[in-house]
Each structure stands twice: as structure tokens, then as C-alpha cells.
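# Secondary and tertiary structure notes
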Amino acid sequence: MLAAPKPILDKRFRLVIDPGHGGENEGCHGHDHGVVEKELTLAMAQQLASRVHELLPRAEILLTREADETLHLSQRVAFANAAEADLFLSLHCNASPLSNQTGYETFILDLEASNEETALTAQRENDEGFARPANTSSEGDVSTMLRELSMTADRSRAAHFARAIQAQQRKLFPDRPDRGVRQGPFDVLLGARMPAVLHEVGFLDHPGEGPMLRSASGQAKLVEAIAQATASYYGDIVRRA
Ligand SMILES: [Zn+2]
């Protein structure tokens, strides 16, 4: 008699999706100011949660926020740590000083930014638009970061997930620039006790790309790419661990 087929998901897999910004912190704006980043990240995070659930029915998926709430960057990481997540994904939309850039990129944590552009992106994403909680200091951040950079297993897994996201976006969006996997000092990745990445789905302030990010069909494609990357991360890393 044949053995029953193995369930597709046979290892615990808890994914925390962080819709960037929220509440008082709107994030970046569309070129016509008609939409703000915090709305798109929440909409895409919710769609992503249901698509990942279809692909990996037994995965546990949690969102750091389910509504238009103000959350500090450190609270987002603390949420993922408290949930004992296996993977953390912070979702964002990009903006550039001249509103002339397009494409998608994924970041992992490092002390130094890969280049000047990444330094600017990190600065923008780290700016919460309000005071930091009193118990955080940048000196403490640096020592935490140094400690974390020694956690090489999580880092190489984060890089694997980042490359999978870029590969899936490339497949679904062959005409948009693949800006690659980059490294930078992103506060929302700092202190995560699991592989953690920040994905910029595209440039909201670009007159061509912005409307695509806002469209239902554009969002569905972006979400599909990230969901497929999550499933391949599960197959390549979690299931084989
Ligand atoms: Zn952002």
C-alpha cells in the first residue's frame, strides 16, 4: 500500500509581515499626493497574508499592524521576537529625490550602507516622523547591530530570502529594473532574532510606476512574486533545516 502523500507543510513556519509606516507616520507620497505609502503597505500585506496561506496552508502568518496604527520601528521587531517568528518581512514603497527612479530592491541589515542611495533609503525609512522611545539610543543600536552581524546563519538566510524575492519580481516584471539585494542600517531590522528583510516594491513617487503600484492588477502581481518567494524560502531553507 502506498504511503499517504506528505503534507506540503510539515515544519513549523511562522511569518511576520510588517506593513511599513502607519498612523502618524505616512511614509512616502505618490507623485500626485493621492496616496501614501502606509495605505499601500497595509493593503499589500493583507493580500500577501492570504496568498501565502493558499500556498502554505499550515503557515502561521501575523501582521505587525492590522489597521492604520502608529507603531515604532522597535515595536515591530519586538512583535516578531515575541511571536518567535521564523521569518520577518517589512514591506515598503520607495521614493527618490528626483522622482525619476523605478524598480524593486530588498535590504538586509548591515552597519554600512551598500552605497549612497541605500544610505538615503535607510535614512528615509528610519525617520519615524516623531521622537524615538526614550530607552533607545544610537550607541545601543550600534552595539546591538555588531552583535547581530555575528549571527551569520540568520544573515545568510535573510540574504537567501532577499534573492528569492528579487528573482520572483524579475520573473513577473521583466521590464522593471532589478535593483538587487543591498545592505544597510535599517532600524526595523535591528534586533530581529530571525532572518529579516525589508522589501521596497517600487517607487511610489514615479509618474509611471506609482500608478502601477496603486492598481489592483499591479498589487496582485507584486504580492504573487513575494508569496512565491516565501514558498521557495520555505522549501529551500525551513523544510530542509
Ligand atoms: Zn517605507
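Here's a quick rundown of the structure. Keep in mind that this is a model prediction, so the values were computed, not measured. (Residues numbered from 1 in each chain as written. Predicted model: local features only at pLDDT ≥ 70, side-chain atom pairs only at ≥ 80, totals over all residues. Heavy atoms only, no water.)

### Some points on the overall build of the chain
Along the backbone of the chain there are seven helices and six strands. In the chain, the succession of helices and strands from N to C terminus is β-α-β-α-β-β-α-α-α-β-β-α-α. Taking all 241 residues of the chain together, 49% fall into the buried category. Considering only contacts in the chain between residues 6 or more positions apart, those separated by 24 or more positions represent 85%. (Helix = DSSP H or I, 4+ residues; strand = E, 2+ residues; numbered from the N terminus. Buried < 20%, exposed > 50% of the residue type's maximum accessible area, 1.4 Å probe, protein only. Contact = heavy atoms within 4.5 Å.)

### Observations regarding helix 1 (residues 37-55)
With 19 residues, helix 1 extends 26 Å between its outermost C-alpha atoms, agreeing within 8% with the 27 Å of an ideal straight helix rising 1.5 Å per residue. Listing the buried residues of helix 1 in full gives Glu 37, Lys 38, Leu 40, Thr 41, Leu 42, Met 44, Ala 45, Leu 48, Ala 49 and Val 52. (Expected span 1.5 Å × (residues − 1).)

### Brief notes about the coordination of the zinc ion
For the zinc ion, the full set of protein donor atoms is His 21 (NE2), Glu 37 (OE), His 92 (ND1), Glu 125 (OE) and Glu 125 (OE), and the range of their distances to it is 2.0 to 2.5 Å. Written as a sequence motif, the donor residues of the zinc ion are H-x15-E-x54-H-x32-E. Linking His 21 in the loop between strand 1 (14-19) and helix 1 with His 92 in strand 3 (residues 87-94), this pair joins segments that are 71 residues apart in sequence. The class for His 92 is buried, based on a relative accessible area of 3%. (Donors = N, O, S within 2.8 Å, 3.2 Å for Na, K, Ca; no water.)

### Describing the pattern of salt bridges
Here the structure, examined in full by the defined rule, presents 15 salt bridges. With a closest N to O distance of 3.7 Å, Arg 155 and Asp 110 form a salt bridge. Taken together, the residues span a long stretch of sequence, with Arg 155 in helix 5 (residues 152-172) and Asp 110 in the loop between strand 4 (104-109) and helix 3 (116-126) at a distance of 45 residues. On the accessibility criterion, Arg 155 (23% relative accessible area) is partly exposed. Taking the shortest distance from any N to any O, the salt bridge between Glu 125 and Arg 124 comes out at 3.5 Å. Linked by salt bridges that have partners in common, Glu 105, Glu 117, Arg 179 and Arg 182 make up one network. (Salt bridge = Lys/Arg side-chain N within 4 Å of Asp/Glu carboxyl O.)

### So, the packing of aromatic side chains
Summed over the entire model, instances satisfying the criterion amount to three aromatic pairs. Measuring from ring centre to ring centre gives 5.5 Å for Phe 13 and Tyr 234, while their planes differ by 55 degrees; the resulting arrangement is tilted. With Phe 13 in the segment before strand 1 and Tyr 234 in helix 7 (residues 216-238), the pair connects residues that are 221 residues apart, well separated along the chain. The class for Phe 13 is buried, based on a relative accessible area of 1%. Centre to centre, the rings of Phe 161 and Tyr 233 are 5.4 Å apart; their planes meet at 65 degrees, and the pair counts as edge-to-face. With Phe 161 in helix 5 and Tyr 233 in helix 7, this residue pair connects regions lying 72 residues apart in the sequence. The exposure class assigned to Phe 161 is buried, which follows from its relative accessible area of 0%. Above the face of the Phe 173 ring, Arg 176 is positioned so that its terminal group lies 4.6 Å from the ring centre. (Phe/Tyr/Trp six-rings, centres within 6.5 Å; stacked < 30°, edge-to-face > 60°. Lys NZ or Arg CZ within 6 Å of the ring centre and 35° of its normal.)

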